[in-house]
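Observations on chain architecture
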Amino acid sequence: MTGERNLVISVRTMVEFSIFGPDIVPSSRVDMDAGSRAHRARQRESQMRGEVSVAWQGERQGVSVKVTGRIDLLDETIQPPRIEEIKLLRSGVLVEPYVAHRAQAMCYAYMLGVRDGYTDLIASVVYVDELGRERCAFPEPHDMAALEARFFDLLDAYVSWQMLIMDSKAMRDQSLQSLPFPYAEYRPGQRELAMQVYTAIQRGKRLYVSVPTGAGKSAAVLYPSLKALGAGINRQVFYLTARTTARRAALSELERMRAQGLCLHALTINARDKVCPQDQVRCDPAYCPRAKGHYDRQGAALREALTWPSWDTEDVLALSDRHMLCPFEFSLALCEIADVVICDYNYAFDPMVFLRRVFQSPGRVTLLMDEAHNLPHRVRDMLSGSLDSAAVTAFRREDGKRHGRKTQVYRAATQLIKTLRAMDPDALELPDALLAAANDLVDALTEPGTPFREGTLFSDLLGFLMAARRVQEAPEDYRILTSQSAKDRVVRLFCLNVTRHLQESTRRMQGSVFFSATLSPLTSMRDLLGGQEDDACFDLPSPFPPEHLLVLGLPVNTRYVARDDTAQQVAEAIRALFLAHPGKYIVYFPSYAYLQLVLALLSEQWPELQLLPQTGGMGDTQREAYLAHFTRDDAPLLGLCVLGGVFSEGIDLPGHALIGVCVVGVGLPQVNREQEALAEHFDAMFADGFGYAYRYPGMHKVLQAAGRVIRSETDRGVVLLLDDRYFQGAYARLLPPHYQMKMLNHPAMVGEEVRAFWA
Ligand code: SF4
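Presented here is a report on the structure given in the accompanying data block. Since this is a predicted model, take the numbers as computed values, not measurements.

1. Points about the pattern of salt bridges
Taken as a whole, this structure holds 40 salt bridges when the rule is applied. Across the pair Glu84 and Arg42 runs a salt bridge, and its minimum N-O distance is 2.9 Å. Of the two residues, Glu84 sits in strand 4 (residues 82–88) while Arg42 sits in helix 2 (residues 34–45), which places them 42 residues apart along the sequence. Residue Glu84 is classed as buried on the basis of its relative accessible area, which comes to 1%. Connected via shared salt-bridge partners are Arg42, Arg82, Glu84 and Glu134.

Rendered as structure tokens:
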């Protein structure tokens, strides 16, 4: 849709709106390009003209409409002319074409007939195998009257639906015209940030923003994005986060704007397993009654949704219940027409789950990426894939017990195990046999009639095959890492280069804003996150008085080999910090082992300290209970947590709930084959392997943890950094300007400084 009463649509979209399968079916194999390859193969072999563009333009129901499409093959040398619509059919033959394919062919034929003045045409659907060889063909002669009737049948249904959406958008735009900034005053830097965001959207550029805690980032990025919606510059805004807790800020700003008259549909996409009402997530019409006939019922639910003022998670669940829909699948359908979508990064960047219908041809979509320092490692995970022969063996064992050993699945799993175990640990290339074996197992698992299998093996296989395809396309972006234990092998396709993917994914957006409190060094992060020279960087100063924060540095050797020797020094510094002004503190350690080492000293030597260590694998309830110790009273407490863990980012403990943080070490990732491969890659790419692979991600973790202290204008607190590397320029330069670090040289000095600060 390009304007208020204009529509530009593809034939495919128009057809798929009216003709669809009724059920949600289990995912099929990953090789989505197989169809295009088969197309190309058929076109290469044919004497007919390939890829002929056609368009129809006119007015329907008061709306100016343009329908576009491409004819796969056209032969105008015969009478009547013949158009061919090529479709991939993996096996067998059909007795008649699928309704949607036939309709597509007829629409192309009609558009060609109008353009070139034909009275009769042959519309043929040809099914081919993966090599483009014909399996079966359905040539059908049509006169223009029949073609016209089919075309407008489909078009009018689509236009009627779009008119409802346009009415809803018109109301939205009206409410946006007079929408004020959601606060009486801008905080320092907020107005400039809002202007930068608006400019980036207007120009369709990327923007990289380092925005300290408390600067009001969510309002400052959302408000201009919505204003751009009202001005027709963009069509949708996606607010992407790394964690579900980070969504709260965006939702509460939207709520505030709603209270001031904003009228729009904001949707949160929750993970499938979080919203599935079934006992078990088995998206198969044979098992799930909501999957059966879902698409037949969805149209009515979408129409009803347009009349609801909000699409909060509860609303989506209520609508799903009323119409017996799968809530997850329904939210994906809603996200195509929502004004604002709040969701995880993976819906925009993960090739396995990204919202194809939105991002395949992103017409004027704006991306706002919160906590963008998390993007490189998150995207790296999305683009990497692993297969473990031990996991396939465990799957086969269970599968054999349930379904017997004579199944195709059992045989394919056996072949995959053999191939994995035979993998050369030093292989630099992926053997074809491994890909074939993985593909065969996927085929066996998705063969119609094959019973549903639980577990993660299927998604591991799809992830592996997706990564394998990328390895073939750009081997320089990957490292094949094989590890072995006894006879088992793990083959990991480790993605080194996420920059290319981020650049490509944001290239056609109507503005992409990457923002975080820890995006330093800003230009280096821009380069890593797919930015180019003409993409702006913006560094916002802290809105809080620098004197509210005391930053102390104490040179302690916290490197792995020195930890036993310096643990006493660390314990003394922590005790000095705590006793100088008892209150709520958190100390962050590089690992659980280090945490335990210092915990033992603290509890043995100073049993009066109130210690609260984090433990591994805490669930949501335990996490809430842990944080409640900080908020329920003012009793002094010393939390001991792991840097980079669940309590070092995204938690909000304002005022007395947290008055100080101590970070032990500089947060460097563990040295291993993956990190070393990354360092090598970044050396070649940016001539700074250690910085990009170790120092920057380490310091992002440090600064996130330290950022827990000052959460509002009235907060005061202390950050104690324990490591001699904070005294080196390469690390000190990564501290934000409002960190006026005092360098100490003995733990005893910590107490003096802290007492003076609080006095
Ligand atoms: S309701 Fe649950 S099991 Fe059914 S299709 Fe949706 S996610 Fe799958």
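2. Observations regarding the sheet that holds strand 22 (residues 717–722)
Taken together, the seven strands give an open sheet; going across it, the order is 19-20-18-21-22-17-23, and neighbouring strands pair in parallel fashion. Of all strands in the sheet, those bounded by a partner on one side alone are strand 19 (611–613) and strand 23 (742–743). Here strand 17 (residues 549–554) runs beside strand 23; their pairing, made up of two bridges, is parallel. Each bridged residue has a counterpart across the sheet, and for Leu552 the counterpart in strand 23 is Lys742.

3. So, the sheet that holds strand 16 (residues 536–539)
Taken in spatial order, the seven strands of this open sheet run 9-10-8-11-15-7-16, and their pairing is parallel. The open sheet has two free edges, formed respectively by strand 9 (266–268) and strand 16, since each of these has just one partner strand. Across the sheet, the mean angle from the axis of one strand to that of its neighbour is 15 degrees, orientation sign disregarded. Here strand 8 (residues 236–241) runs beside strand 11 (residues 365–369); their pairing, made up of five bridges, is parallel. Note on strand 11: the bridge partner recorded for Phe238 is Leu367. Here helix 6 (residues 217–230) sits on the sheet and contacts strand 8, strand 10 (340–344), strand 11 and strand 15 (512–516); the angle it forms with strand 8, its principal contact strand, is near 160 degrees. Each of strand 8, strand 9 and strand 10 touches helix 7 (residues 247–259); the most contacted strand, strand 10, lies at about 165 degrees to it.

4. Here's the deal with the packing of aromatic side chains
For the structure on display, the rule yields 24 aromatic pairs. Summarising the aromatic geometry, the rings of Trp56 and Phe151 are spaced 5.6 Å apart at their centres and angled 65 degrees between planes, so their arrangement reads as edge-to-face. Placement of the pair is Trp56 in strand 2 (residues 49–60) and Phe151 in helix 4 (residues 144–177), with a sequence separation of 95 residues. Owing to a relative accessible area of 0%, Phe151 belongs among the buried residues under this scheme. With centroids separated by 5.4 Å and ring planes inclined at 75 degrees, the aromatic side chains of Trp56 and Phe152 adopt a geometry described as edge-to-face. Taken as a pair, Trp56 in strand 2 and Phe152 in helix 4 lie far apart in primary sequence, 96 residues in all. You'll find Trp56 and Phe152 in the same group, each marked buried. One aromatic cluster in this structure is built from Trp56, Tyr110, Phe151 and Phe152. One residue, Arg695, lies across the ring of Tyr731, its end atom 5.3 Å from the ring centre.

5. Quick word on the packing of helix 24 (residues 673–686) against helix 25 (residues 689–706)
Here helix 24 crosses helix 25 at 135 degrees, and the two axes come no closer than 6 Å. Between helix 24 and helix 25, the interaxial angle falls into the category oblique. Residues Gln675, Glu676, Leu678, Ala679, Phe682, Asp683 and Phe686 of helix 24 lie in contact with helix 25, whose contacting residues are Gly689, Tyr692, Ala693 and Tyr694. Looking at the contact of helix 24 with helix 25 residue by residue, the classes come out as seven nonpolar, two polar and two charged.

6. Some details on helix 23 (residues 620–631)
Taking 1.5 Å as the rise per residue, helix 23 with 12 residues should run 16 Å; its terminal C-alpha atoms sit 17 Å apart, in good agreement. Turning to helix 23, its buried residues are Tyr626, Leu627 and Phe630. End-on, the buried residues of helix 23 take up no more than an arc of 90 degrees, which puts them together on one face. Exposed and oriented more than 90 degrees from the buried face of helix 23 are Thr621, Glu624 and Thr631. Those residues of helix 23 that are buried are in contact with strand 18 (584–589), strand 19 and strand 20 (637–642).

7. Observations regarding the packing of helix 17 (residues 432–446) against helix 18 (residues 457–473)
For the pair helix 17 and helix 18, the least separation of the axes is 10 Å and the interaxial angle reads 140 degrees. In terms of their interaxial angle, helix 17 and helix 18 are classed as oblique. Along this stretch, helix 17 crosses helix 18, giving a crossing that reads as left-handed. Of the residues in helix 18, those touching helix 17 at Leu434, Leu435, Ala438, Asn439, Leu441, Val442, Leu445 and Thr446 are Leu457, Phe458, Leu461, Leu462, Phe464, Leu465, Ala468 and Gln472. Its residues placed into classes, the contact of helix 17 with helix 18 shows 13 nonpolar, three polar and no charged.

8. Quick notes on helix 17
What sets the pattern is the α-helix's 3.6 residues per turn: residues three or four places apart point alike. Counted at 1.5 Å a residue, the expected span for helix 17 with its 15 residues is 21 Å, and the 21 Å between its end C-alpha atoms agrees. Taken together, the buried positions of helix 17 are Leu434, Leu435, Ala437, Ala438, Asn439, Leu441, Val442, Ala444 and Leu445.

Rules of the game
Per chain, residues are indexed from 1 in the order of the written sequence. Where local features are concerned, this predicted model is filtered to residues with pLDDT of at least 70; where side-chain atom pairs are given and counted, the filter is 80 or more; whole-chain, interface and lining totals use all residues. Values shown for side chains rest on all heavy atoms present in the structure; no hydrogens or waters enter the calculation. The working definition used for a salt bridge is a side-chain nitrogen of Lys or Arg within 4 Å of a carboxyl oxygen of Asp or Glu. Secondary structure elements follow DSSP: runs of H or I of four or more residues count as helices, runs of E of two or more count as strands, with numbering from the N terminus. Relative accessibility thresholds used throughout: buried, under 20% of the residue-type maximum; exposed, over 50%; partly exposed, between the two (1.4 Å probe, protein chains only). The pairing criterion is simple: DSSP has to find at least two bridges between the two strands. Axis angles are defined between N-to-C directions and span 0 to 180 degrees, where every axis is a line fitted to C-alpha atoms and, for a helix, only to the segment in contact. Contact criterion: two residues are considered in contact whenever any of their non-hydrogen atoms come within 4.5 Å of each other. Any two rings among Phe, Tyr and Trp, with Trp reduced to its six-membered ring, count as a pair given centres within 6.5 Å; such a pair is stacked if its planes are under 30 degrees apart, edge-to-face if over 60, and tilted if neither. A ring has a charge above it when a Lys NZ or an Arg CZ is no more than 6 Å from the ring centre and no more than 35 degrees off the ring normal. By definition in this entry, angles of less than 35 degrees are roughly parallel, angles greater than 145 are roughly antiparallel, angles of 65 to 115 are roughly perpendicular, and the rest are oblique. Classification used: nonpolar for Ala, Val, Leu, Ile, Met, Phe, Trp, Tyr, Cys and Pro, charged for Asp, Glu, Lys and Arg, polar for all others including Gly. Each helix should span, by expectation, one fewer than its residue count multiplied by 1.5 Å. The arc refers to the directions leading from the helix axis to the C-beta atoms. With the far helix as reference, a near helix turned anticlockwise by less than a right angle produces a left-handed crossing, and one turned clockwise produces a right-handed crossing.

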